[in-house]
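Spelled out from the first residue to the last, the chains are:
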Amino acid sequence: MFDLFRSRDKAVRYLLGGLLGLVALSMVITLIPGIGSTPRAPEQVVAEIGKESLTVREVQTTLQGMMRNKSIPPEMVQLYVPQLVDQMINERALAYQAKRMGFEVTDAETANAIRSVLTQLFPTGEFNKDIYERFLSDQGLTVNEFENNIAKNLLVLKLRNIALEGVVVSPQEVASEYHRRNDKIKLEYVMFDPAKVKSQVTTTPQEEQEYYSKNKGRFMTNEKRSFDVLTADEAKVAASIELPEAELRKVYDSNKDKYRTPERVNERHILISTMNKPKEEQAKLEAKAADVLKQLRAGGDFAELAKKNSDDPGSAQKGGDLGWVTRGQMVKPFEEASFSLKPKEISGLVKTDYGLHIIQVMQKEEARIKPFDEVKGELAASLKKQTVFDRMQGMVEKARAALTKNPQQAEQIARENNLTFQRVVNHGPNESLPEFGTSKEVDTAVAALKVNEVSPVFQIGQDKLAVAVETAITPVRQGEFAEMEPEVKKQLITEKTQKLAQEKTVEYTAKMKAGGSDLKALAKSLGLEVKSTMPFNRDGAADGIGPASYLEEAFTKPVGATVGPVTVDNKLFFCKVDEVIPADMKEFAAKRDDMLLALKKRKSNERKELFEDGLVTQLVKEGKIKKYPEVIQRLGSSYRS
């Protein structure tokens, strides 16, 4: 219901959608909590657009938000930096050009956009300056920064709208698009799986010995390392921490406000929506609401009546349940009615901008401070969480200091410091460890150590700290045939399989071309089976083969024509067009408008890219855009994994 109460009319929703879809990435990311709140160091310049500078800090802020949002994986950040910089330059270039062309954004337009973007801050529609400034401060933004970003993005939106005006789609293009979407074909096909020839491949001991002799350089043993690992586990350390009740009470007494809960009600409601409904329907809707209330007064089941009648999509199927609600979360008339009801009491009809509500309060709690016994467990867990890592760090650092003096005494040192001990012998990279499985952290920690050298403290997963001491190193060497025989055989079979598969592919392709359209004769000669697909269109899939995108050529061929070989998932398909099924034009009129919009959108996107690329190119020529590649390169390198 909260989302419903915060919604606005269609025009505002469209404006919000346009802003969030087209505004600069930097503005969107700076709205993410926690980003940009650190002190600002002197800033390097990544690019200049007119008199405006794009700084390293701005790019870093955007990247941090995207990483926190999981928009890009951390290992890809270095590669993404140049693309992001280009996107941010493009946005600023558009705003710069809009100003040059005389576009302006009024204070009223900026204010309306802010209300739309931050609608959750003002559910009643009334602007509150203190809430607004506090919200921006929490995000590390000043009012000027935020409002300048909004105004700049409105400029960009205006320029884009002008650039995209006048997109025309001809009737012929719509008809062609209809056929492209709805024409279907049916295929006959023969499938050859090169992997199956592996069963035909054999090797002899002599072949394997000869292959080894010719390719000795391929068969080297991995470096093997032996080491001891001492580990502190978060769960075990936490279990060993005892917190006296007196200490817990002391923390509770000094933080009582943290456990203060406001007055709240647990309630449910039924909404009969009258928002944006014609006046002639209002009386009917009021009568409906009155009838539902009458049924409730007569003992009707509230949950069932909510499911059948409520227009609140967020709560209707939950029997109208809204859960616990505090003051300030609902619009004023709804809130006043809610907090005036007694538990189990049903309200009369409550009118808001959204319609008519019937409210039932299930439980009610006055404002209070949770007693110590109620929060004791939560408090103990929180304090343990605050101290456990420091305790772990201290234990492992102490063990490391002892190991540095006596690296041969790892097991005894682990026991003295209550750490888990593991001895690893002849371990290679990416091999599994009994205690941790495959661990990149352990491999990295021991990779550069010398014998009897101790690693820095390192983390394993989310809940372990460890230190390792190297005990022995077996260097890389030429493997003997006897120990490398399984790998020799594996590589030889792989090579022979690839060679045979290539020969078969060439043979089958030649026979396909020579055999013309007689697919069945081809299949018989090769010992393969002819299969058929169901009819499918370009947006569908050919059953038994895969997505229709692999078979685009087939849609341009007449019945009887051959297509292939087509490779899908390493399999070869030789196909024949068995049937062409033209689109049913009876559906054309009903689908015409949707296709027209889709084609306009496609053309608009194409024009948008051309316009923006051309604009940036021109501004670079004019010297209005200057990029600093060395700064961009250094920025990207700083994210190297």
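(A) Local environment of the overall build of the protein. Each helix and strand in the protein was counted, giving 22 helices and 19 strands. Long-range pairs, those at least 24 residues apart, make up 72% of the contacts in the protein between residues at least 6 apart in sequence.

(B) Representation of the confidence of the model for the protein within the structure. With 90% of its residues at a pLDDT of 70 or more, the protein has an overall mean of 82. Below pLDDT 50 for its whole length, residues 1-42 participates in 97 contacts with residues either more than four positions away or in separate chains.

(C) Layout of the pairing of strand β3 (residues 184-192). Examined bridge by bridge, β3 and strand β18 (residues 571-581) share nine bridges and lie antiparallel to one another. Counterpart to K186 in the pairing with β18 is E579. As paired strands, β3 and strand β14 (residues 530-532) are joined by three bridges and run antiparallel to one another. When the bridges of β14 are listed, V190 appears paired with V530.

(D) How the structure looks around the pattern of salt bridges. Going through the model one piece at a time under the given rule, you end up with 26 salt bridges. One salt bridge connects K152 with E52, and the closest N-O pair in it is separated by 2.8 Å. Pair noted here: K152 is in helix α8 (residues 143-164) and E52 is in strand β2 (residues 52-55), with a separation of 100 residues, a long-range link. Between R225 and E470 there is a salt bridge, and its shortest N-O distance comes to 3.1 Å. Residue R225 is located in strand β4 (residues 224-233), and its partner E470 is located in strand β13 (residues 464-474); the two are separated by 245 residues in the primary sequence. With a relative accessible area of 10%, R225 lands in the buried category. By relative accessible area, which is 0% here, E470 ends up buried. Within the structure, one salt-bridge network assembled from shared partners comprises E52, E58, R92 and K152.

(E) Highlighting the sheet that holds strand β19 (residues 625-627). Strand order across the open sheet formed by three strands is β2-β1-β19, with antiparallel pairing between neighbours. Looking at strand neighbours, the two that pair on one side only are β2 and β19, the edges of this open sheet. For this sheet, the mean angle separating the axes of adjacent strands, direction not counted, is 20°. Taken strand by strand, helix α5 (residues 77-100) contacts β1 (45-49), β2 and β19, and its axis lies near 25° from that of β1.

(F) Layout of the side chain of T352. The residue T352 is located in strand β8 (residues 350-352) in this model. For T352, a relative accessible area of 9% gives the class buried. At a separation of 2.8 Å, a polar atom in the side chain of T352 contacts the side chain of H357. Setting aside chain neighbours within four positions, we find T352 in contact with V331, P333, F334 and H357.

(G) Up close: the pairing of β2. Of the strand pairs in this sheet, β1 and β2 are connected by four bridges, and their pairing is antiparallel. Note on β2: the bridge partner recorded for E48 is S53. Here β1 folds back onto β2 in antiparallel fashion, the turn holding two residues, of which G50 has a positive phi close to 65°.

(H) Structural detail: the nonpolar core. Core analysis: the biggest nonpolar cluster contains 32 residues, and V46, I49, L54, V59, L63, V81 and V85 have the highest contact counts within it. Mapped onto this core, the elements with two or more residues apiece are β1, α4 (56-68), α5, α8, α21 (588-621) and α22 (629-637). With near-sequence residues (within four places) excluded, V85 lies in contact with V46, L54, V59 and I632. Counting 19 residues, the second largest nonpolar core, distinct from the first, contains I241, A414, V467 and V469.

(I) Up close: the environment of R538. With respect to the secondary-structure elements, R538 resides in the loop between β14 and β15 (541-542). Residue R538 is classed as buried on the basis of its relative accessible area, which comes to 17%. Sequence spacing of R538 and F555 is 17 residues, and the spatial spacing of their C-alpha atoms is 7.9 Å. For R538, the contacting residues outside a window of four places in its chain are H179, R180, D183, A548, S549, E552 and F555. There is a polar contact of 3.5 Å between the side chain of R538 and the backbone oxygen of R180. Polar side-chain contacts of R538 include one of 3.1 Å to the side chain of E552.

(J) Structural view of unusual backbone geometry. At N426, a residue that is not glycine, the phi angle is positive and equals roughly 50°. Mapped onto the fold, N426 is located in strand β11 (residues 420-427). Backbone geometry at D569 places phi at a positive 50°, although glycine is not the residue there. By secondary structure assignment, the location of D569 is in the loop between β17 (562-568) and β18. By relative accessible area, D569 is classed as exposed at 62%.

(K) Structural view of the environment of A447. Relative to the helices and strands, A447 is located in the loop between α18 (440-446) and β12 (458-460). With 223 residues separating them in the primary sequence, A447 and K224 have C-alpha atoms 9.9 Å apart.

(L) Focus on helix α9 (residues 171-182). For α9, which comprises 12 residues, the first-to-last C-alpha distance of 17 Å matches the rise-based estimate of 16 Å (1.5 Å per residue) to within 8%. What α9 keeps buried is the set V174, E177 and Y178. Buried residues in α9, looked at end-on, bunch into an arc of 105°, giving them a common side. Along its buried surface, α9 packs onto α21.

(M) Quick look at the packing of aromatic side chains. Counted under the stated rule, the structure contains six aromatic pairs. Between Y212 and F219, the aromatic rings sit 6.0 Å apart at their centres with planes inclined by 35°, giving tilted as the arrangement. Counting every residue linked through ring pairs, the aromatic cluster contains Y211, Y212, F219 and F481. For the cation-ring pair, R264 lies above W324, with the distance from its terminal atom to the ring centre recorded as 3.9 Å. Taking NZ or CZ as reference, R327 lies 4.2 Å from the ring centre of F339, over its face.

(N) Inspection of the sheet that holds strand β9 (residues 355-365) at higher detail. In space, the four strands of this open sheet follow the order β7-β6-β9-β8, with antiparallel pairing throughout. Strands at the two margins of the open sheet, each flanked by one partner only, are β7 (321-326) and β8. Taking each pair of neighbouring strands and ignoring which way they run, the sheet shows an average axis angle of 45°. Across three bridges, the pairing between β8 and β9 is antiparallel. Its bridge partner lying in β9, V350 is registered against H357. Contacting β6 (264-273) and β9, helix α14 (residues 302-309) runs over the sheet at an angle of about 40° to β6.

Conventions adopted
Residues numbered from 1 in each chain as written. Predicted model: local features only at pLDDT ≥ 70, side-chain atom pairs only at ≥ 80, totals over all residues. Heavy atoms only, no water. Helix = DSSP H or I, 4+ residues; strand = E, 2+ residues; numbered from the N terminus. Contact = heavy atoms within 4.5 Å. pLDDT = per-residue confidence, 0-100. Pairing = 2+ DSSP bridges. Salt bridge = Lys/Arg side-chain N within 4 Å of Asp/Glu carboxyl O. Buried < 20%, exposed > 50% of the residue type's maximum accessible area, 1.4 Å probe, protein only. Axes fitted to C-alpha atoms, helices over the stretch in contact; angles between N-to-C directions. Polar contact = N/O pair within 3.5 Å; in protein donor to acceptor, adjacent residues only side chain to side chain. Core = buried A, V, L, I, M, F, W, Y, C linked by side-chain atoms within 4.5 Å. Expected span 1.5 Å × (residues − 1). Arc of directions from axis to C-beta. Phe/Tyr/Trp six-rings, centres within 6.5 Å; stacked < 30°, edge-to-face > 60°. Lys NZ or Arg CZ within 6 Å of the ring centre and 35° of its normal.

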